[in-house]
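Structural characterization, general
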Amino acid sequence: MNKIYKFMLPALLAALSMPSCGYLTDIDMPVDKLTKETLFTDSATVNAAVEGLYSNNLLLNPVYYYLLPFYASAMADDSYHNVTSYDVLNQNSYSPTTSFIANLWDYPYKSIYQSNALIEGLENTSVVTEAAKIRYIAQAKYFRAYSYFVLVNFFGDVPLVLMTDYKVTSLQARENVSAIYEQIIRDLKDAESGIDGNSNNKITKAAAGALLARVYLYAERWAEAEGKASEVIATSGCALESPDNVFLRSSRETIFRITSNYATYNGRVYWGTLCANRSYNFLRDELVRAFEEGDLRREKWIIARNSASAGDYHQSYKYKQTANPSDASLAEDYVVMRLSELYLILAEAQARQQKAAQAVGNLNAIRTRAGLSDLPSGLNEAQILSAVERERRAEFFLEDAHRWWDLKRTGRIDEALGQISNKSWRPHKALLPVPETELANNPNLTPNPGYGALE
């Protein structure tokens, strides 16, 4: 955040489209760069800047497809990396000087800066129609909201940067979590209302609404979480799929995804294998044991392996292709958000409001597709919430940072991680340290409790 990011947005050649459940099509790599002075002088360069918003967030910014599932699963109790350089994550021994932690701060703020620059430029240009301006700003606000959601759930209070003036932003102090959430909610409401359903939109109303439902849940606004999750389930046009089909390109469950039908970038052709199936990313026994007998997600999404150096171990098998297959029916895409999360948001929000029967019904919808029997009637709130946690873990391991964030927001993180022998867990580790470089560059920033600035 405290670096001067020169405003350079890539111009792209490829067109993008989305069907009702949120599909991001191919994105070509940048072929040109545009300065702030020339960007908003004609509609073609504005359109290119919006395309750049997508490519920089979903292809060049590794938060979506790499940092969250790869880092956070190791910090939690879902996986570990069998390479010693990642022990700082496996053991939760990070400090303000840890480069992995700096990435989780830097990349979201780069995305925020780009969103802010696009919003500022669009608000002061007349080269596109008012309808297009509203649509473009709505998309920028979605990405800004998501980036702040990531930041606040890793670091707690963070600077709330809503402009590009470096003289101001480089000295901003931390804003409290509640204020950050209010801004996220405003942005997502604007994103929802500003997206008109045109097939040229990249973020759909369903994607914005689904993220808003998640934010309401995290903010403990139970009634609003219930209402928004119900709305998305009813109107998105998506449907639950069997575990075999969830990550296929043809899946009806996906609300927002990144296509894998994409030319090589940095030697990587497939985001799913990049984030989940890395050869040194092993699932923890705690996760494997957590599945109920007969759970199809255990059967379909986890694979047992063996090697001379590592012995017996398990890995994620959610994504089964290492490149685009010749059989198009087997093609997979990297899933950012899917309908099952809305059912589990709905169940948790209902349980928190003493709507036990409705909550159990929504949990059973997820369990049925996993081949499990229905939960019994008569469960109390605590039992239902425990069941929600189990289902969320079985559904979302190595997706986003779900497990880490779930443990943190529900107050279960000390209990879950404190009992793992090879973790140097302390309660203050639930919030990550503000990077040392940020503390050094901005005298108004303060470290998180438990971390000295130069620890």
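No experiment lies behind these values; they were computed from the predicted model shown.

Calculation criteria
Residues numbered from 1 in each chain as written. Predicted model: local features only at pLDDT ≥ 70, side-chain atom pairs only at ≥ 80, totals over all residues. Heavy atoms only, no water. Helix = DSSP H or I, 4+ residues; strand = E, 2+ residues; numbered from the N terminus. Buried < 20%, exposed > 50% of the residue type's maximum accessible area, 1.4 Å probe, protein only. Areas by Shrake-Rupley, 256 points an atom, 1.4 Å probe, with all protein chains shown as cover. Core = buried A, V, L, I, M, F, W, Y, C linked by side-chain atoms within 4.5 Å. Axes fitted to C-alpha atoms, helices over the stretch in contact; angles between N-to-C directions. Parallel < 35°, antiparallel > 145°, perpendicular 65-115°, else oblique. Left-handed = near helix turned anticlockwise from the far one by under 90°. Contact = heavy atoms within 4.5 Å. Nonpolar A, V, L, I, M, F, W, Y, C, P; charged D, E, K, R; others polar. Salt bridge = Lys/Arg side-chain N within 4 Å of Asp/Glu carboxyl O. Phe/Tyr/Trp six-rings, centres within 6.5 Å; stacked < 30°, edge-to-face > 60°. Lys, Arg positive; Asp, Glu negative; His and termini not counted. Polar contact = N/O pair within 3.5 Å; in protein donor to acceptor, adjacent residues only side chain to side chain. Expected span 1.5 Å × (residues − 1). Pairing = 2+ DSSP bridges.

**Examining the overall build of the protein**
Within the protein, the secondary structure is distributed over 19 helices and 9 strands. Out of the 455 residues in the protein, the part that is buried amounts to 59%. Counting only carbon and sulfur atoms, one obtains 50% of the accessible surface of the protein, whose full area is about 17300 Å².

**Focus on the nonpolar core**
The biggest cluster of nonpolar side chains holds 133 residues, and the ones touching the most others in it are Tyr142, Tyr148, Phe154 and Trp404. With 16 residues, helix 6 (residues 130–155) is the largest single contributor of residues to this core.

**What about the packing of helix 14 (residues 339–352) against helix 15 (residues 356–369)?**
For the pair helix 14 and helix 15, interaxial distance at closest approach is 7 Å and the crossing angle is 155°. In terms of orientation, helix 14 and helix 15 fall into the roughly antiparallel class. Remark: the crossing between helix 14 and helix 15 carries left-handed chirality. Every residue of helix 15 that contacts helix 14 at Ser340, Tyr343, Leu344, Leu346, Ala347, Gln350 and Ala351 is listed here: Gln358, Ala359, Asn362, Leu363, Ala365, Ile366 and Arg369. Class assignment for the residues of the contact of helix 14 with helix 15 results in 9 nonpolar, 4 polar and 1 charged.

**Notes on the pattern of salt bridges**
Under the definition given, this model contains 35 salt bridges. Arg393 serves as the salt-bridge partner of Asp77, at 3.3 Å between the closest nitrogen and oxygen. Pair noted here: Asp77 is in the loop between helix 3 (63–75) and strand 4 (79–81) and Arg393 is in helix 16 (residues 381–396), with a separation of 316 residues, a long-range link. We note that Asp77, like Arg393, is buried. Shared partners join several salt bridges into a network, and the residues in it are Glu253, Glu292, Asp295, Arg297, Lys318, Arg338, Arg367, Arg369, Glu391, Glu395 and Glu399.

**Thoughts on the packing of aromatic side chains**
Enumeration according to the criterion identifies 19 aromatic pairs in this entry. Taking 5.1 Å as the distance between ring centres and 85° as the angle between the ring planes, the aromatic pair formed by Trp105 and Phe155 counts as edge-to-face. Here the residue Trp105 occupies a position in helix 5 (residues 99–123), and Phe155 occupies one in helix 6, the gap between them amounting to 50 residues. With respect to burial, Trp105 and Phe155 carry one shared label: buried. Between Phe247 and Trp301 the ring centres are 5.5 Å apart and the planes differ by 65°, which places this aromatic pair in the edge-to-face class.

**Some remarks on the side chain of Arg284**
Turning to its location among the elements, Arg284 is positioned in the loop between strand 6 (281–283) and helix 12 (285–289). Within the buried set, Arg284 has no salt-bridge partner at all; the shortest N-O distance to an opposite charge, 4.4 Å, is to Glu286. Within the structure, Arg284 has its side chain in polar contact with the backbone oxygen of Ser79 (distance 3.4 Å). With near-sequence residues (within four places) excluded, Arg284 lies in contact with Ala74, Ala76, Asp77, Asp78, Ser79, Tyr80, Asn90, Ile420, Asn422 and Lys423.

**Topic: helix 16**
For helix 16, built from 16 residues, the straight-helix expectation of 22 Å at 1.5 Å per residue is met to within 8% by its first-to-last C-alpha distance of 22 Å. The complete set of buried residues in helix 16 reads Ile384, Leu385, Ala387, Val388, Glu391, Arg392, Arg393, Ala394, Glu395 and Phe396. Two residues or fewer after helix 16 comes Leu398, characterised by a positive phi angle close to 55°.

**Re the side chain of Gln139**
Among the structural elements, Gln139 can be located in helix 6. Here Tyr54 takes part through its side chain, which lies 2.7 Å from a polar atom of the side chain of Gln139. A distance of 3.1 Å separates a polar side-chain atom of Gln139 from the backbone oxygen of Arg135.

**Things to note about the environment of Asp106**
Checked against the element boundaries, Asp106 lands in helix 5. On a C-alpha basis, the gap between Asp106 and Pro435 in space is 9.1 Å, while along the polypeptide they are 329 residues apart.

**Quick look at unusual backbone geometry**
In the Ramachandran plot, Gln354 falls in the positive-phi region, its phi being about 60° despite a non-glycine side chain. Secondary-structure assignment places Gln354 in the loop between helix 14 and helix 15. Given the relative accessible area of 59%, Gln354 is considered exposed.

**A few points about the pairing of strand 8 (residues 311–316)**
Relative to strand 8, strand 7 (residues 302–307) runs antiparallel, the two being bridged by 6 bridges. Paired with Asn306 across the bridge in strand 8 is Asp312.

**Some points on the environment of Glu253**
Positionally, Glu253 belongs in the loop between helix 10 (222–235) and strand 5 (254–258). Put simply, Glu253 and Leu339 are 86 residues apart on the chain and 5.3 Å apart in space, counted from C-alpha to C-alpha. Apart from residues lying up to four places away in sequence, Glu253 is in contact with Cys238, Ala239, Leu240, Glu241, Val246, Arg338, Leu339, Ser340 and Arg369. Of the polar contacts made by the side chain of Glu253, one reaches the side chain of Arg338; its length is 2.9 Å. Of note is the side chain of Glu253, whose polar atom sits 3.2 Å from the side chain of Ser340.

**Brief notes about helix 14**
Residue pairs three or four apart in sequence face the same way in an α-helix, which turns once every 3.6 residues. Compared with the 20 Å implied by 1.5 Å per residue over 14 residues, the 20 Å span of helix 14 between its first and last C-alpha is a close match. Burial of helix 14 is extensive: 13 of the 14 residues sit out of reach of the surface. Within two residues after helix 14, Gln354 carries a phi angle of roughly 60°, on the positive side.

**A look at the environment of Thr446**
Assignment of secondary structure puts Thr446 in the segment after helix 19 (436–441). Judged by relative accessible area, which is 42%, Thr446 ranks as partly exposed. For the pair Thr446 and Val158, spaced 288 residues apart in sequence, the C-alpha to C-alpha distance is 9.7 Å. Discounting chain neighbours no more than four positions away, the residues touching Thr446 are Arg174, Val434 and Leu439.

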